[in-house]
Amino acid sequence: MTDLRQARDAAHAIALAALGRDPGPMTTVDSSSHHVYVSSDVVVKIIDAAGHSRLSREIALAPHLPTGVTAPLLDSGRHQLETREVRYACYARMPGAAPGMGMPGVDGVTARLLAEEAVQRLHGLHSWTPTADAEQTLGEALDHGGFVSQAALFAEVESLAALDRDGIVPRRLLDGLTAIAERAPAHARVVVPVHADCHWGNWLACDRSVTALLDFEWARFGEPVDDWFFLARFSGPHLETVLDVIAHATTTPLSTLRAQCEVREASYLAADLRIALQRPGAPAQLVADNIRDLEELIVERLWWRQAR
């Protein structure tokens, strides 16, 4: 991006055109993949036109998603920013704030209430029958890094071991990943629309009530547990509460749900580490964080710590 000041001016112009009036001051919101700007009633996401295509995926799905699931899309397109072209999406700003990754500062009662509402919203998404256009978008190939099949997970672990020439990943962790792969089902199903990134940083909530699910850039066909994993894994100290809510709402035995989430986390972590080792300039901290997460998954048995 050229510079943040000019991107903010572009966001203001985009919001002005979408609303037909001055949106007021636009402030920057942290984002790992876009420049995001908000005013009191509008949100603008901007990315270099040559950047990743996930925003285009979200824009293609937005008009077709079930009513009330996400923020309404007001406008989208391309905008010239100095000598560089950007893509943008302009949304109505929904009330509330994100509980955040790990739900910091959220008490147990509120966590349960939010989880119950989030599960209901996701039920609506999972039972949605997409239009032909949305079905095509959801079915497009997407290297999402999640669980695809037992064979693919075995191959991912083997690739990780082959790349790890310096022995960065302890043998016990590679063995642990293999053990999880041995317990995995033969294939993941692709039967319902899933958000596939519904951690608590992508929800908005107000007064202990969920108001919207944002960022449909990774949405695809999958199975409900692809979303249950994100909801539980990134709930911090409330993981067991969220698992309990999901198990009751879906009549899934807790042991089954734990195993399904475990294999998904193994798939994501193995893929993330493999990608990091393939990139010579990958930050050492990123690799260290992934190994720490693997330790929690395999040695500390994250998904089974409270199992009875």
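In case you missed it, the structure is sitting above this.
Residues numbered from 1 in each chain as written. Predicted model: local features only at pLDDT ≥ 70, side-chain atom pairs only at ≥ 80, totals over all residues. Heavy atoms only, no water.

### Some words on the overall build of the chain
When helices and strands are counted, the chain shows 10 helices and 9 strands. Over its C-alpha atoms, taken along the principal directions, the chain stretches across nearly 60 × 45 × 40 Å. By the burial criterion, 47% of the 308 residues in the chain qualify as buried. Across the chain, the 28 positively charged side chains and the 40 negatively charged ones have centroids separated by 2 Å. (Helix = DSSP H or I, 4+ residues; strand = E, 2+ residues; numbered from the N terminus. Buried < 20%, exposed > 50% of the residue type's maximum accessible area, 1.4 Å probe, protein only. Lys, Arg positive; Asp, Glu negative; His and termini not counted. Charge placed at Lys NZ, Arg CZ, Asp CG, Glu CD.)

### Here's the deal with helix α10 (residues 284-298)
With 15 residues, α10 should reach 21 Å at 1.5 Å per residue; the first-to-last C-alpha distance of 21 Å fits that figure. Within the sequence span of α10, burial applies to V287, N290, I291, D293, L294, E295, L297 and I298. Where α10 is buried, its residues meet α6 (171-183), α7 (225-233) and α9 (254-278). (Expected span 1.5 Å × (residues − 1). Contact = heavy atoms within 4.5 Å.)

### Things to note about the packing of aromatic side chains
All chains considered together, the criterion is met by 7 aromatic pairs. An angle of 25° between the planes, with centres 6.0 Å apart, marks the rings of F230 and F234 as stacked. The rings of F229, F230, F234, Y268 and W303 are connected pair by pair, giving a single aromatic cluster. When the ring centre of F234 is taken as reference, the NZ or CZ atom of R233 above it lies at 5.8 Å. (Phe/Tyr/Trp six-rings, centres within 6.5 Å; stacked < 30°, edge-to-face > 60°. Lys NZ or Arg CZ within 6 Å of the ring centre and 35° of its normal.)

### Focus on the layout of surface pockets
Reported here for the second largest pocket is a volume of approximately 380 Å³. Elements that contribute at least two residues to the lining of the second largest pocket include exactly α4 (132-139), α5 (150-163), β9 (220-222) and α9. In the lining of the second largest pocket, the residues fall into 11 nonpolar, 7 polar and 7 charged. (1 Å grid on protein atoms, 1.4 Å probe; cavity = no way out; pocket = protein on both sides within 12 Å on 5 of 7 lines; lining within 4 Å. Points joined across faces, edges and corners; volume = space filled by probe spheres on them. Nonpolar A, V, L, I, M, F, W, Y, C, P; charged D, E, K, R; others polar.)

### Brief notes about the sheet that holds strand β3 (residues 42-48)
One open sheet accounts for 5 strands, arranged β1-β2-β3-β5-β4; its pairing is antiparallel. A strand with exactly one partner marks an edge of an open sheet, and here the two such strands are β1 (27-29) and β4 (73-81). The mean inter-strand angle of the sheet, taken between neighbouring strand axes irrespective of direction, is 25°. Relative to β3, strand β2 (residues 35-38) is paired through 4 bridges, and the arrangement is antiparallel. Pairing of V38 across the sheet is with V43, part of β3. Across the face of the sheet, helix α2 (residues 54-61) comes into contact with β3, β4 and β5 (84-92) while running at roughly 40° to β5. (Pairing = 2+ DSSP bridges. Axes fitted to C-alpha atoms, helices over the stretch in contact; angles between N-to-C directions.)

### Some details on the nonpolar core
Within the largest apolar cluster, 64 residues are counted, with the highest numbers of intra-cluster contacts made by W203, L231, L294 and W303. Beyond its immediate stretch of four places on either side in the chain, W203 contacts A97, A98, P99, A118, R121, L122, C198, V210, A212, L213 and L231. (Core = buried A, V, L, I, M, F, W, Y, C linked by side-chain atoms within 4.5 Å.)

### Looking at α7
Among the 9 residues that make up α7, 9 are buried, leaving the element largely enclosed by the rest of the structure. Three or more residues of α7 are buried, namely V225, D226, D227, W228, F229, F230, L231, A232 and R233.

### Describing the pairing of β3
Across the 7 residues that make up β3, a large majority, 6, are buried. Connecting β2 to the antiparallel partner β3 that follows it, the hairpin turn spans 3 residues. Inspection of the sheet shows β3 paired to β5 by 7 bridges, in the antiparallel sense. Bridge assignment links I46 to a residue of β5, and that residue is Y88.

### A look at the pairing of β2
Where β1 lies against β2, 3 bridges are found, and the strand directions are antiparallel. Each bridged residue has a counterpart across the sheet, and for T28 the counterpart in β2 is Y37.

### Some remarks on the pattern of salt bridges
For the structure on display, the rule yields 25 salt bridges. A salt bridge links E58 to K45; its shortest N-O distance comes to 3.2 Å. Residue E58 is found in helix α2, and its partner K45 is found in strand β3; the two are separated by 13 residues along the sequence. As far as burial versus exposure is concerned, E58 and K45 are alike and both buried. A salt bridge links K45 to E217, with the nearest nitrogen and oxygen atoms 3.1 Å apart. Residue K45 is located in strand β3, and its partner E217 is located in the loop between β8 (209-213) and β9; the two are separated by 172 residues in the primary sequence. Like K45, the residue E217 is buried in the burial classification. Via salt bridges that share partners, K45, R54, E58, D215 and E217 belong to a single interconnected network. (Salt bridge = Lys/Arg side-chain N within 4 Å of Asp/Glu carboxyl O.)

### Examining the environment of D226
Residue position: D226 is located in helix α7. By relative accessible area, which is 4% here, D226 ends up buried. In sequence terms D226 and R189 are 37 residues apart; their C-alpha atoms lie 9.9 Å from each other. Not counting the four nearest positions on each side in its chain, D226 is found in contact with V194, R220 and R264.

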